[in-house]
Amino acid sequence: MMIDRKKLLKTSFIAALAMPVFGTYAASAEENDLSVEAESALLIDFETSQILFEQNAEDQRGIASMTKMLVEYILFEEIEAGNLNWDDEVTISDYAHAISQNYALSNVPLHQNGVYTVQELYEALAIYSANGATIALAEEIEGSEVAFVDRARELIESWGIEEYQLYNTTGLNNSFLEGNHYPGSDEDAENVMSAKGIATIAQRLIADYPEVLETSSIPSMTFREGTSDAINMLNWNWMLEGLAHERMDVDGLKTGTTSFAGATFTGTAEAEGRRLVSVVMGAGDGFTNRGQRFEETSKLFDYGFGEFEYVTIIESEMNLDDEHNLTVRNGVEEDISLVTTESIGFYLPEGTDLEDYSYTFVPNDDVVNEKGEVEAPVSVGESLGQLVIDNTDDLEFLNGEAQQTVNVAAAESVERAGFFTVFSTWLRDFFSGVRDRF
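Residues numbered from 1 in each chain as written. Predicted model: local features only at pLDDT ≥ 70, side-chain atom pairs only at ≥ 80, totals over all residues. Heavy atoms only, no water.

Going by the annotation in an unreviewed UniProt entry, the name recorded for the protein chain is serine-type D-Ala-D-Ala carboxypeptidase, with Alkalibacterium indicireducens given as the source organism. Quoted verbatim from the Pathway (unreviewed entry) heading of the UniProt record, the comment on the protein chain is "Cell wall biogenesis; peptidoglycan biosynthesis." As its UniProt record puts it under Function (unreviewed entry), the protein chain is described as follows: "Removes C-terminal D-alanyl residues from sugar-peptide cell wall precursors." (UniProt positions renumbered as here; feature names shortened; annotations may be inferred.)

Given below as structure tokens:
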């Protein structure tokens, strides 16, 4: 009789795995009662991309100066490629100069045709969100802001961000740009993206260029100290050390405020070796309650660090029970035991019922036949199938679905049997096939 191609092994993780961490969980999951006063909010674990909290995280909203994270990323690309150096000098264009003179915007004033180093302009962007400095860097890298926007669009699309509107490098409303609008864009157009899109940019920036945190974590710095151009730059991220909403684990990343976007903030914090990335959008207007975005971000970090624990669902090198051994065809042994070759785990909130999670063993079609047999010889570590985790629909990740499988391999080698054993197996199969035809 033919058996199901999927030889099933379903078991409770609690029964299958003796793991002390399970003792810290209650019988049932508590409802998430976190309330964030923002139009959109998102919290992810940086390392795994697991979403820990989301609120309207796919809504398209104004991103304001959080746009500048794209300028930072491309700048670091250019530095890494050797196309730019930190001490290279940049000449200020009429456009960058005009924007830098608008004191209603965040700026360090730049001299027309003045010369500034890449390092100076980058620090003004990262710490003070200086708009003229941002434009100057974009022009230095790509020749024009329009060309830079085209490059930035290609970049975010390569990261899987499909829904967005990107018209300039600063996040300002087009009405502030002295007529320097992206071709075809409206006079009052503004950059738009979802919280998930912004989190993707932030995660990429930190992952590929972690040195960005060395600058984003500076509470204040004097621009061109010791010169007549000196200006104190107080970081707009008030969660940094010594500032109004200080939180010691925060080291970045980028604020943004416009009338259209309201108060926005991409935050990141690291505690006990674990990093979180948060996004809040429309957290007030940025003027009535200037600290709201930071208060809501702190709520998110408290929740992420305090309410979750990483639980290894399947351990690497976990031996499956003997009853799940595979039959070996033409081997010196009759069966072979199975072992996992990798681990898998998730961040789960306190109160999660681990009885809800189970796994199914699915044999590898290439090596396991329809009768559930594997042909000898079999080498230790040879892949024989996968454990597929069930009931992961409640887990969401920024870059897609949760990992649902772990590889299962042979726990030992089994050599091929001698000629007479192989021949007798062939005869048995032959006459069995003849009998089945009649």
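Comments concerning the overall build of the protein chain
Looking only at helices and strands, the protein chain has 10 helices and 23 strands in total. Considering the protein chain as a whole, with its 438 residues, one finds that 52% of them fall into the buried category. For the protein chain, the proportion of contacts with a sequence separation of at least 24, taken over those separated by at least 6, is 69%. (Helix = DSSP H or I, 4+ residues; strand = E, 2+ residues; numbered from the N terminus. Buried < 20%, exposed > 50% of the residue type's maximum accessible area, 1.4 Å probe, protein only. Contact = heavy atoms within 4.5 Å.)

Digging into the packing of helix H4 (residues 118-128) against helix H5 (residues 131-142)
Viewed as axis vectors pointing N to C, H4 and H5 meet at an angle of 135°, and their least axial separation amounts to 8 Å. With respect to H5, the axis of H4 lies oblique. Two packed elements cross with a definite hand, and for H4 against H5 that hand is left-handed. Here Val118, Leu121, Tyr122, Ala124 and Leu125 of H4 come into contact with H5, specifically with Ala133, Thr134, Ala136 and Leu137. Considered class by class, the residues forming the contact of H4 with H5 number 8 nonpolar, 1 polar and no charged. (Axes fitted to C-alpha atoms, helices over the stretch in contact; angles between N-to-C directions. Parallel < 35°, antiparallel > 145°, perpendicular 65-115°, else oblique. Left-handed = near helix turned anticlockwise from the far one by under 90°. Nonpolar A, V, L, I, M, F, W, Y, C, P; charged D, E, K, R; others polar.)

Considering the nonpolar core
Core analysis: the largest hydrophobic core is formed by 72 residues, its most contacted members being Leu42, Ile156 and Ile201. Leaving out residues up to four positions away in the same chain, isoleucine 156 has contacts with Leu70, Ile161, Tyr164, Leu166, Met193 and Ile201. In this structure, Val311, Leu338, Ile344 and Ala402 belong to the second largest nonpolar core, which totals 30 residues. (Core = buried A, V, L, I, M, F, W, Y, C linked by side-chain atoms within 4.5 Å.)

Here we look at the sheet that holds strand S11 (residues 262-271)
Spatial ordering of the open sheet is given by S3-S2-S12-S11-S10, a layout of 5 strands whose pairing is antiparallel. The open sheet is flanked by strand S3 (51-55) and strand S10 (250-258), the only strands paired with a single partner. On average, each strand axis in the sheet is inclined to that of its neighbour by 5°, with strand direction left out of account. Alignment of strand S2 (residues 40-45) against S3, held across 4 bridges, turns out to be antiparallel. Paired with isoleucine 44 across the strands is isoleucine 51, a residue of S3. Against the sheet, helix H9 (residues 292-306) contacts S2, S3, S10, S11 and strand S12 (274-281), and its axis sits at roughly 145° relative to S12. (Pairing = 2+ DSSP bridges.)

Some remarks on the packing of aromatic side chains
Within the structure shown, the criterion is met by 15 aromatic pairs. Between tyrosine 73 and tyrosine 209, the aromatic rings sit 5.1 Å apart at their centres with planes inclined by 75°, giving edge-to-face as the arrangement. Here tyrosine 209 lies in the loop between helix H7 (195-208) and helix H8 (212-216) and tyrosine 73 lies in helix H2 (residues 68-81), a separation of 136 residues in the sequence. Tyrosine 209 sits in the buried class, given a relative accessible area of 5%. Ring geometry for tyrosine 116 and phenylalanine 223: centres 6.1 Å apart, planes at 20°, overall stacked. Linking tyrosine 116 in strand S6 (residues 115-117) with phenylalanine 223 in strand S8 (residues 220-223), this pair joins segments that are 107 residues apart in sequence. Directly above the ring of tyrosine 347 sits arginine 274, whose terminal nitrogen or CZ lies 3.9 Å from the centroid. (Phe/Tyr/Trp six-rings, centres within 6.5 Å; stacked < 30°, edge-to-face > 60°. Lys NZ or Arg CZ within 6 Å of the ring centre and 35° of its normal.)

A look at the environment of serine 49
Locating serine 49 in the fold gives a position in the loop between S2 and S3. For the pair formed by serine 49 and leucine 398, sequence separation is 349 residues and the distance between their alpha carbons is 5.3 Å. Those residues in contact with serine 49 that lie beyond four places of it in its chain are Ile44, Gln203, Glu396, Phe397, Leu398 and Asn399. In this structure the side chain of serine 49 is engaged in a polar contact, spanning 2.7 Å, whose partner is the side chain of glutamine 203. (Polar contact = N/O pair within 3.5 Å; in protein donor to acceptor, adjacent residues only side chain to side chain.)

Details of a negative patch on the surface
On the surface, Asp321, Asp322, Glu323, Glu333, Glu334, Asp335 and Glu412 cluster together to form a negatively charged patch. As for its position among the elements, glutamate 323 is in the loop between strand S13 (308-314) and strand S14 (326-329). (Patch = residues over 30% accessible without salt bridge, like charges linked within 9 Å, V, L, I, M, F, W, Y side chains within 5 Å. Areas by Shrake-Rupley, 256 points an atom, 1.4 Å probe, with all protein chains shown as cover. Salt bridge = Lys/Arg side-chain N within 4 Å of Asp/Glu carboxyl O. Lys, Arg positive; Asp, Glu negative; His and termini not counted. Charge placed at Lys NZ, Arg CZ, Asp CG, Glu CD.)

A short note on the environment of leucine 121
Topologically, leucine 121 is positioned in helix H4. For the pair formed by leucine 121 and alanine 136, sequence separation is 15 residues and the distance between their alpha carbons is 7.7 Å. Once you skip the residues sitting within four places of it in the chain, leucine 121 turns out to touch Val90, Leu110, Tyr116, Ala133, Ala136 and Leu137.

Here's the deal with the confidence of the model for the protein chain
Here the protein chain shows a mean pLDDT of 87. Residues at 70 or above account for 88%. For residues 1-31, every residue scores under 50 in pLDDT, and the model assigns this stretch 74 contacts once sequence neighbours within four places are set aside. For residues 430-438, every residue scores under 50 in pLDDT, and the model assigns this stretch 0 contacts once sequence neighbours within four places are set aside. (pLDDT = per-residue confidence, 0-100.)

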